[in-house]
Amino acid sequence: MTDLTWPQVHARRLRRHALSAPAPGDTRGADGDPAGPATDRVAGVVSAICGAHAQIASAAELSVGLRVDGATRTTVREALWTHRTLIRTRGPRGTVHLLAAADLPMWVGALSALPVPTEAQNGGLLTAEQTEQVVSAVADALRDAELTTAELTEQVVARTGPWAGDRVMEAFQDRWPRWMAAMAVATRRGAMCSGPNRGRATTHTSPARWLPGFAPMAGRAALAELVRGYLHAYGPATPAHFAQWLSAPRRWAAELFGSLDLEQVTVQGAPGWVSAGDTDFPSDGPTGVWLLPYFDAYQVGCHPRERLFPGPAGERALARGQAGNYPVLLVDGTVAGVWHQRRSGRKIHVTVEPLGPLSPRRRRALEARVERIGEILEGTPSLTVGPVGVGPHA
């Protein structure tokens, strides 16, 4: 059985997340024609990390931009809204993600196959029959349209009945229409995704408009592909780690792992799994510093937490054990501080709070990372090393 060290694991994860070796940007063939635009590279890295958390749009743009040489927030927006190689929808844990459009059949097939009762997904506000009516109504209304939430509410009520518009769903000190309790189910099944903003209003549309002929993969095949993708980016991992990342039952995840062609390894004595034959690891650990934004996939998906957030890092950079609520400073692949950025026009003020002293070499590397953040966010950055007074994101 392959026995590994945690530095080896960190090094492989950083490489596979395109952090230690970002994907190339625009490249050109011998004839000078583009061989692969940066928007394609963007979709490729989003696929490789199994989606980029996108509840905070600017954090998602930074998270993806860090992984592609020369990419900016405009590159990510063009991939999403112009080239449509990305889709904004619900991914793992039911949270809003950017997913590679080409992966959507797999995602919908896998998420639809999760063993989550309908009542648990809709908060008990809808019966199973009402949920089916809402999903059908949403799919029909969005087939050839981009609708705001208010417009979609009108369409769903017209297709189902007044009960769908009852404002009974508690949300952000407000009450939303009853049908919205089924939004998670509708997105899992591929009936809806995000459309481009209309002014300040968000819109919803059908993912079939991005992918003509779209059809979900069969559930079992989709789950197998998702496990392989997860282990490629985050392995070695256990069924419990996969269950936490996906928000699925642990026993079910263990049975799923047991049904697939996986290989067990050990990391300093702790068991973990990789896809069969995927046992190539760097011989040395990583070196360098990185700045990762809110909810970056690397800090959210890598386990165990105590290895990624060692000692004081767990106390400073986790929120009640949850990763992602703070932007983090990585040093040699593990969390070693937090940071925050504040924008004022084109000026981007970056404050980094290391948990230990930085050598002159690491300070220079940090300054380079801040410059890259400025490029991605299309602003002029400045760096302050000192305490971060901003609390965790909800």
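See the structure above.
These lines cover the structure that appears in this document, whether it is placed above or below.

Conventions we followed
Residues numbered from 1 in each chain as written. Predicted model: local features only at pLDDT ≥ 70, side-chain atom pairs only at ≥ 80, totals over all residues. Heavy atoms only, no water. Salt bridge = Lys/Arg side-chain N within 4 Å of Asp/Glu carboxyl O. Helix = DSSP H or I, 4+ residues; strand = E, 2+ residues; numbered from the N terminus. Buried < 20%, exposed > 50% of the residue type's maximum accessible area, 1.4 Å probe, protein only. Pairing = 2+ DSSP bridges. Axes fitted to C-alpha atoms, helices over the stretch in contact; angles between N-to-C directions. Contact = heavy atoms within 4.5 Å. Core = buried A, V, L, I, M, F, W, Y, C linked by side-chain atoms within 4.5 Å. Parallel < 35°, antiparallel > 145°, perpendicular 65-115°, else oblique.

Re the pattern of salt bridges
Piece 1. Under the counting rule described, the total for this entry stands at 18 salt bridges.
Piece 2. In this structure, Glu-378 engages Arg-73 in a salt bridge whose closest nitrogen and oxygen atoms are separated by 2.9 Å. Remark: Arg-73 occurs in helix α4 (residues 73-82) and Glu-378 occurs in the loop between α16 (360-377) and β18 (380-385); sequence separation between them is 305 residues.
Piece 3. Glu-146 is the salt-bridge partner of Arg-209, the closest N and O atoms lying 3.3 Å from each other. With a gap of 63 residues between them, Arg-209 in the loop between β11 (201-205) and α10 (219-234) and Glu-146 in the loop between α7 (128-142) and β7 (147-148) connect regions that are remote in the sequence.
Piece 4. For Arg-209, a relative accessible area of 28% gives the class partly exposed.
Piece 5. According to the relative accessible area criterion, Glu-146 is partly exposed, its value standing at 27%.
Piece 6. Residues participating in the shared-partner salt-bridge network are Arg-12, Arg-16 and Asp-278.

Topic: the sheet that holds β18
Piece 1. Strand order in the open sheet formed by 5 strands is β14-β15-β16-β17-β18, with mixed pairing between adjacent strands. Strands with a single pairing partner mark the edges of an open sheet, and in this sheet they are β14 (289-292) and β18. Strand-to-strand twist across the sheet, computed as the mean angle between neighbouring axes with direction ignored, equals 30°.
Piece 2. The pairing of strand β17 (residues 347-354) with β18 spans 6 bridges and is classified as parallel. The partner of His-349 across the bridge, within β18, is Ser-382.
Piece 3. On the sheet, α16 packs against β14, β15 (328-331), β16 (334-344), β17 and β18 and is oriented at approximately 145° with respect to β18.

Let's talk about the nonpolar core
Piece 1. Grouped together as the largest cluster of nonpolar side chains are 87 residues, with contacts concentrated most on Leu-86, Leu-98, Phe-242, Trp-245, Leu-246, Trp-252 and Phe-309.
Piece 2. Considering every element that reaches this core, the biggest residue donor is α10, with 8 residues.
Piece 3. Val-135, Ala-137, Leu-147 and Trp-179 belong to the second largest nonpolar core, which has 22 residues in total.

Focus on helix α11 (residues 239-246)
Piece 1. Counted residue by residue, α11 has 6 buried out of 8 residues, so it is predominantly covered.
Piece 2. Here α11 has its buried residues at Pro-239, His-241, Phe-242, Ala-243, Trp-245 and Leu-246.
Piece 3. Against the buried residues of α11 lie α5 (104-112), α10, α12 (250-258), β13 (270-275) and α13 (297-301).
Piece 4. One or two steps after α11, the chain reaches Ser-247, where phi turns positive at roughly 60°.

Remarks on the packing of helix α2 (residues 38-48) against α4
Piece 1. Remark: α2 packs on α4, axes separated minimally by 9 Å, with the N-to-C direction vectors making an angle of 80°. Classified by the interaxial angle, the pair formed by α2 and α4 is roughly perpendicular. In this structure, α2 uses Ala-38, Thr-39 and Val-42 to contact α4, whose residues at the interface are Thr-75, Glu-78 and Ala-79.

Brief notes about the environment of Thr-238
Piece 1. Within the secondary structure, Thr-238 sits in the loop between α10 and α11.
Piece 2. Note on Thr-238: relative accessible area 16%, which makes it buried.
Piece 3. The spacing of Thr-238 and His-303 is 65 residues in sequence and 8.8 Å in space, taken between C-alpha atoms.
Piece 4. Discounting residues that sit within four places of it in the chain, Thr-238 has contacts with Phe-257, Pro-271 and Trp-273.

All we've got here are geometric facts, nothing functional implied.
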